[in-house]
Structures are given as structure tokens and as C-alpha cells.
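Observations on the model geometry
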Amino acid sequence: MENRTDTIAAISSAMGLSGISIVRISGQEAFVVMQKIYRGVKGKTFEEIKNKQLGYGHIVDVRTGNIIDEVLVSKHRAPYSYTGEDIAEINCHGGQVATQAILQSVLDCGARLAEGGEFTKRAFLNGRIDLVQAEAVMDIIDAKTRASLQAAQNRLKGHLSDELKEIKTYLTDALAYIGVGIEYPEYDIEEAQDEAVFTLLAKAESKLQTLQKNAVRGKILNEGLKVAIVGKPNAGKSMLLNALINRERAIVTDIAGTTRDTISEYINIRQIPVLIIDTAGIRSTEDVIEKIGVARSLEVIEEADIVLFVADGSRAWEEQDDEICARLKTKRVIYLINKSDIKIHPSVEERLSNKNPVILSARTKEGLEELEEKIVQEAGFSEEVLAAALSANARQEELIAKAAASLRNGQENLSRGMVVDLVEIDIRDCLESLYQITGQSVGEDIIDRIFANFCLGK
Ligand SMILES: Nc1nc2c(ncn2[C@@H]2O[C@H](COP(=O)(O)OP(=O)(O)OP(=O)(O)O)[C@@H](O)[C@H]2O)c(=O)[nH]1
Ligand SMILES: [Mg+2]
């Protein structure tokens with residue numbers, strides 16, 4: 001078990017050669033450690049540096065007294081620091097040797113090497129931030145596009161936490177009404193009470209619904225929208241992948257069955273991270289390798305958020321096309337007619353006439369913009385949505401869904417005329433899920449799991 005009051009240290013900048021590296025120290029002894037290893041210019045000690053100010057000097061090896069590097073140090077007194085504890089930061093010249101030697105000197109003075117995410121974990125345990133904000137810190141580091149970054153920033157600023165707080169207030173108010181009814185059964189207030197509880201639950205439900213919608217979109221900003229390119233062999237799927245990622249990534253030939261494995265690449269479409277997946281053309285085949293490829297294509301279809309069905313505009317529509325389309329019935333599909341640079345076969349246009357197809361050429365890239373626009377639309381992103389996005393992660397999305405389910409149960413029970421105190425159980429379940437999101441009620445194992453994903457020094 002780690003001791004929360006001990007002093008921890010880590011290199012907070014990336015490993016390798018860099019202009020500057022940062023060693024961070026947090027805990028009760030942080031300033032004591034610094035007093036031992038810092039020598040300011042003109043004999044100034046670390047103690048003499050004011051809060052939130054920088055000092056210029058050198059760090060020495062406590063064992064030999066030798067200077068390790070020239071540094072800038074900063075001082076952040078508890079409780080107004082990142083962790084809520086005393087924090088000192090040492091900016092030294094980049095490079096492994098000097099940075100490691102400084103860290104070693106810090107450890108020699110009694111600090112302990114921090115675990116991944118331990119600084120942020122302390123910020124959470126000390127009540128500086130809630131769990132939603134702690135997770136946002138990680139998502140800021142991991143952000144794939146500017147929109148992902150913005151959404152994580154919104155969460156760090158506490159937007160999601162505020163929304164959750166409002167819902168929690170509705171629910172606790174509802175519980176209070178129910179409590180009055182139980183404590184004073186002699187008063188005939190039941191009807192008015194039912195009414196009040198109804199209204200409060202409806203308000204909570206509508207807020208939760210919006211959150212749930214945003215959470216699904218948020219997951220896309222965090223993890224990327226999965227878009228699979230599907231169609232018969234030679235339709236031009238691989239050429240389309242290359243066109244979208246702007247690079248000759250997949251092999252393109254006029255031999256049907258060129259792509260055997262799935263190939264995926266992240267791209268940024270209007271700030272939305274999109275994972276584009278090229279698949280093997282689907283057909284019945286006796287070739288062992290191609291068969292495996294086709295099976296994989298079918299799996300990818302299952303996992304995809306959006307499927308791009310590519311029809312080959314240079315050839316007549318075939319039964320194979322129908323067979324593939326039949327497999328896409330439950331999916332969100334954007335229909336494409338490829339090879340618009342040559343004459344499009346009328347049978348293809350006719351078959352897809354009611355599907356609002358995008359007509360494009362993977363070769364000349366004509367129509368590509370329209371396709372990108374459609375992908376963004378299909379995913380449910382508009383400027384406003386992006387601005388308000390909170391990018392809930394998978395853990396949060398699951399808990400929001402759970403909270404919504406409990407709440408719906410409560411509403412149903414209430415409208416079925418169940419005794420209100422039974423509804424109380426549903427409301428408490430709902431609240432419990434919400435508390436788990438912000439970390440007001442969450443097991444140590446879950447906390448450990450969340451912070452284990454953080455990088456060292458954060
Ligand atoms: N004229 C024209 N030819 C294209 C276009 N897109 C692809 N092709 C040609 O169509 C053939 C097949 O292209 P690929 O991208 O390999 O097709 P695929 O769908 O990946 O095929 P498999 O991997 O076999 O399933 C190649 O000869 C390409 O040059 C296009 O927009 N216009
Ligand atoms: Mg291919």
C-alpha cells in the first residue's frame with residue numbers, strides 16, 4: 001500500500017533528447033529535498049524562493065557535492081498546486097544523463113519514485129479534481145485531433161461534472177420528497193408528492209438523455225470513428241483508402257482479390273478522428289488465404305460505426321453486390337459509386353438511385369470532399385455538437401447508460417402507481433452510478449485501474 005503523505009518524484013517530460021527536461025517532486029518533504037540539492041546563484045537557497053516563483057541555480061549530487069546541471073526551479077505551495085501538496089519542479093537541460101542524475105539525487109534525499117499517474121491520483125485523492133477531470137487529463141495527453149482536445153478540455157474545466165451535479169440535485173430533491181412522505185404518513189400529501197417526484201425525475205431524465213447522446217459521440221472523439229470500406233473485388237476500395245489517407249498505403253492492382261488482410265489508418269476528417277479500414281473484396285472463393293480475408297471483412301463490418309459500400313461504376317451491377325448489401329442491413333451505410341472518371345454503368349446508378357449515393361473517383365479524388373462531409377454528418381457531428389462535446393470515455397458512457405436505465409425503471413414504477421418508497425431504490429441506484437463517474441463512490445481497485453493507464457510523471 002502506498003503511503004499518501006510520502007514524497008514522490010518522477011521525470012515528467014518525455015524520455016530521449018530534448019531541449020529541456022522536467023523533474024517533478026510532490027509531498028511533505030518536497031521542499032526539504034530541494035533545500036539539500038539546490039544551490040541558487042549568489043548563494044540563494046530554495047527556502048528563500050517565493051511561492052509560485054522561479055529560482056536560477058544548480059542541482060548537486062548529494063553524495064559527492066558535484067554540480068549535475070544548471071537549472072530553473074519552481075515552487076508551488078500546498079494546497080494551491082497540481083496535486084494539492086507542496087510541489088517543486090526542476091527544469092534542466094534535456095538529455096537522459098543529466099535528468100536521470102538529478103532524479104537520482106532527489107531519490108537519494110528520501111523521495112520515492114512515483115508510479116504512473118500518481119501526481120494526478122493525488123490531485124484526485126486530495127479533492128483538487130474529481131475522477132472525470134482526472135480522466136480528462138489523460139485524454140488531453142492522448143488527444144488525436146483538435147476536437148478531441150477541446151472536448152477533453154471541456155471535461156477538465158468541469159462541464160461534465162457540472163451537468164452531473166445538476167442531475168444529482170434533482171434526484172436528491174426527489175428523495176427528500178419521498179422521505180417526507182414516509183416520515184409523516186398522517187399528512188395527506190401523497191398526490192402532491194407524487195407530482196413533485198414525477199417532475200424532478202422527468203428533468204433528470206431529459207438531462208441524462210442528452211448526456212447519453214453526447215457520450216456516444218464523445219467516445220468517437222476519444223477512440224475514433226470506425227469506418228469500413230466494403231465491396232466486391234476490384235471495386236477500388238484500396239485506391240479509396242489511399243486517396244483518403246493521401247498516401248500509397250494499400251496495394252492496388254487490377255487483379256481481383258488483391259487485398260487479403262484488413263488495413264487500417266487513422267485520419268482526421270474535420271477534426272474528427274476516423275479509423276479507416278480497407279477490407280478484402282467479398283466474394284465466394286476457394287483460395288484459402290482470400291477466404292480468411294473475406295471472413296475478416298465480415299467481422300470488420302460488425303465492428304464498424306459506418307460502412308462505405310463501394311460499387312464498381314465501370315461494370316454492371318452483379319448478384320455479388322446484392323449479396324454484400326444484404327449483409328449491411330443493420331448497419332449505417334454510405335453508398336458510393338466509384339470510378340466516375342470513366343462512364344458509369346447505368347445498372348449501377350439504377351440500383352442505387354434510392355440510396356442517395358456519393359459518386360466519386362478514387363483515382364482523380366473527385367467527390368472525396370462530399371464523402372468526407374457525409375461521414376461527418378452520419379456520425380452526428382456539427383459545429384455546435386463539437387463545441388459542446390464532452391467526450392465521455394467508455395467507462396463513463398457505461399455508467400451514464402446504467403444511470404439512465406435505473407431512472408427509467410423508477411419512472412415506470414412511479415407511473416404504475418408503485419409505492420413511492422420502492423421508487424426510492426431506483427433513484428438511489430441511479431445516483432450510485434453517477435457517483436461512480438465522478439469518483440464520490442468508487443472502489444480502490446477501479447481508481448487503481450484508471451490511473452495505471454497514465455504515463456509516468458503525470
Ligand atoms: N478509372 C478508375 N479506376 C479505378 C478507380 N479506383 C480503382 N480503380 C482501378 O480498379 C482496380 C482495382 O482497384 P483496387 O483499389 O485494388 O480495388 P479493391 O476494391 O481494393 O480490390 P480487392 O482488393 O481485390 O478487393 C485497379 O486497377 C485500379 O486502378 C477509379 O476511381 N477510377
Ligand atoms: Mg484492395
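See the structure above.
All of the points below concern the structure found in this document. (Residues numbered from 1 in each chain as written. Chains lettered and ligands numbered in written order. Predicted model: local features only at pLDDT ≥ 70, side-chain atom pairs only at ≥ 80, totals over all residues. Heavy atoms only, no water.)

It is worth spelling out the environment of Arg 315 at this point. Along the chain, the position of Arg 315 falls in the loop between strand 11 (306–312) and helix 10 (319–326). The class for Arg 315 is partly exposed, based on a relative accessible area of 29%. Along the primary structure Arg 315 and Ile 337 are separated by 22 residues, whereas in three dimensions their C-alpha atoms are 11 Å apart. Residues within four places of Arg 315 in sequence aside, it is in contact with Lys 232, Pro 233, Asn 234, His 345 and Val 348. A distance of 3.0 Å separates polar atoms of two side chains, one belonging to Arg 315 and the other to Asp 312. (Helix = DSSP H or I, 4+ residues; strand = E, 2+ residues; numbered from the N terminus. Buried < 20%, exposed > 50% of the residue type's maximum accessible area, 1.4 Å probe, protein only. Contact = heavy atoms within 4.5 Å. Polar contact = N/O pair within 3.5 Å; in protein donor to acceptor, adjacent residues only side chain to side chain.)

One open sheet accounts for six strands, arranged 9-10-8-11-12-13; its pairing is mixed. The open sheet is flanked by strand 9 (263–269) and strand 13 (358–359), the only strands paired with a single partner. As judged from the seven bridges shared by strand 9 and strand 10 (residues 272–278), these two strands associate in the antiparallel manner. Within the sheet, the bridge partner assigned to Glu 265 lies in strand 10 and is Ile 276. (Pairing = 2+ DSSP bridges.)

Turning our attention to the site of ligand 1. Looking at ligand 1, there are 23 residues lining it, with Lys 237, Gly 257, Thr 258, Asp 341 and Arg 363 nearest. Separating an oxygen atom of ligand 1 from a side-chain N or O atom of Ser 238 is a distance of 2.8 Å. Between ligand 1 and Ala 362, the relevant distance is 3.0 Å, taken from an oxygen atom to a main-chain nitrogen or oxygen of the residue. Notes on ligand 1: free accessible area 650 Å², of which the protein chains cover 93%. (Near = heavy atom within 4 Å. Areas by Shrake-Rupley, 256 points an atom, 1.4 Å probe, with all protein chains shown as cover.)

Another aspect to go through is empty space enclosed by the protein. Scanning the entire structure with this criterion turns up one cavity of 30 Å³ or more. Quantified by volume, the largest cavity comes out at close to 40 Å³. When its residues are assigned to classes, the lining of the largest cavity shows three nonpolar, five polar and no charged. (1 Å grid on protein atoms, 1.4 Å probe; cavity = no way out; pocket = protein on both sides within 12 Å on 5 of 7 lines; lining within 4 Å. Points joined across faces, edges and corners; volume = space filled by probe spheres on them. Nonpolar A, V, L, I, M, F, W, Y, C, P; charged D, E, K, R; others polar.)

Here the bond from Ala 78 into Pro 79 is cis, since omega is 0°, no more than 30 degrees from zero. Structurally, Pro 79 is set in the loop between strand 5 (67–76) and strand 6 (87–93). We note that Asn 246 has phi near 65°; this positive angle belongs to a residue other than glycine. Mapped onto the secondary structure, Asn 246 falls in the loop between helix 8 (237–245) and strand 9. Look at Asn 246 and you get exposed, because its relative accessible area is 60%. Unusually for a residue other than glycine, Arg 270 sits at a positive phi of about 45°. Tracing the sequence through the fold places Arg 270 in the loop between strand 9 and strand 10. Exposure remark for Arg 270: the relative accessible area of 35% places this residue in the partly exposed category.

Surrounding the magnesium ion (ligand 2) are the protein donor atoms Ser 238 (OG) and Thr 259 (OG1), at 2.0 Å. With Ser 238 in helix 8 and Thr 259 in the loop between helix 8 and strand 9, the pair connects residues that are 21 residues apart, well separated along the chain. Note on accessibility: Ser 238 and Thr 259 belong to one class, buried. (Donors = N, O, S within 2.8 Å, 3.2 Å for Na, K, Ca; no water.)

What follows is about the pairing of strand 1 (residues 8–11). What you see with strand 1 is no split at all: Ile 8 and Ala 10 on one side and Ala 9 and Ile 11 on the other are buried throughout. In terms of strand pairing, strand 1 meets strand 2 (residues 20–26) through four bridges, oriented antiparallel. Within strand 2, the position partnered with Ile 11 by the bridge is Val 23. One ladder, built from two bridges, connects strand 1 with strand 7 (residues 112–113); its direction is parallel. Each bridged residue has a counterpart across the sheet, and for Ala 9 the counterpart in strand 7 is Leu 113.

Turning our eyes to something else, we now look at the pairing of strand 10. Summarising burial for strand 10: seven of the seven residues are buried, a large majority. Side chains Ile 272, Val 274, Ile 276 and Asp 278 project from strand 10 onto one buried face, and the interleaved Pro 273, Leu 275 and Ile 277 project onto a second face that is buried too. Pairing between strand 8 (residues 225–231) and strand 10: five bridges, direction parallel. Its bridge partner lying in strand 10, Val 227 is registered against Ile 276. The antiparallel hairpin formed by strand 9 and strand 10 contains two residues in its connecting segment, where Arg 270 sits at a positive phi of about 45°.

As a further point, take the environment of Ser 12. Topologically, Ser 12 is positioned in the loop between strand 1 and strand 2. Its relative accessible area of 27% is what places Ser 12 among the partly exposed residues. The spacing of Ser 12 and Asn 242 is 230 residues in sequence and 37 Å in space, taken between C-alpha atoms. Filtering out sequence-adjacent residues up to four positions away, Ser 12 remains in contact with Ile 22, Arg 24 and Gly 457.

Let's shift gears to the sheet that holds strand 1. Across the sheet, which stays open at both edges, the seven strands sit in the order 3-4-5-6-2-1-7 with mixed pairing between neighbours. The two strands at the open ends of the sheet, each matched to only one other strand, are strand 3 (38–40) and strand 7. Relative to the sheet, helix 1 (residues 30–37) contacts strand 2, strand 3, strand 4 (54–60), strand 5 and strand 6, its axis offset from that of strand 3 by approximately 65°. (Axes fitted to C-alpha atoms, helices over the stretch in contact; angles between N-to-C directions.)

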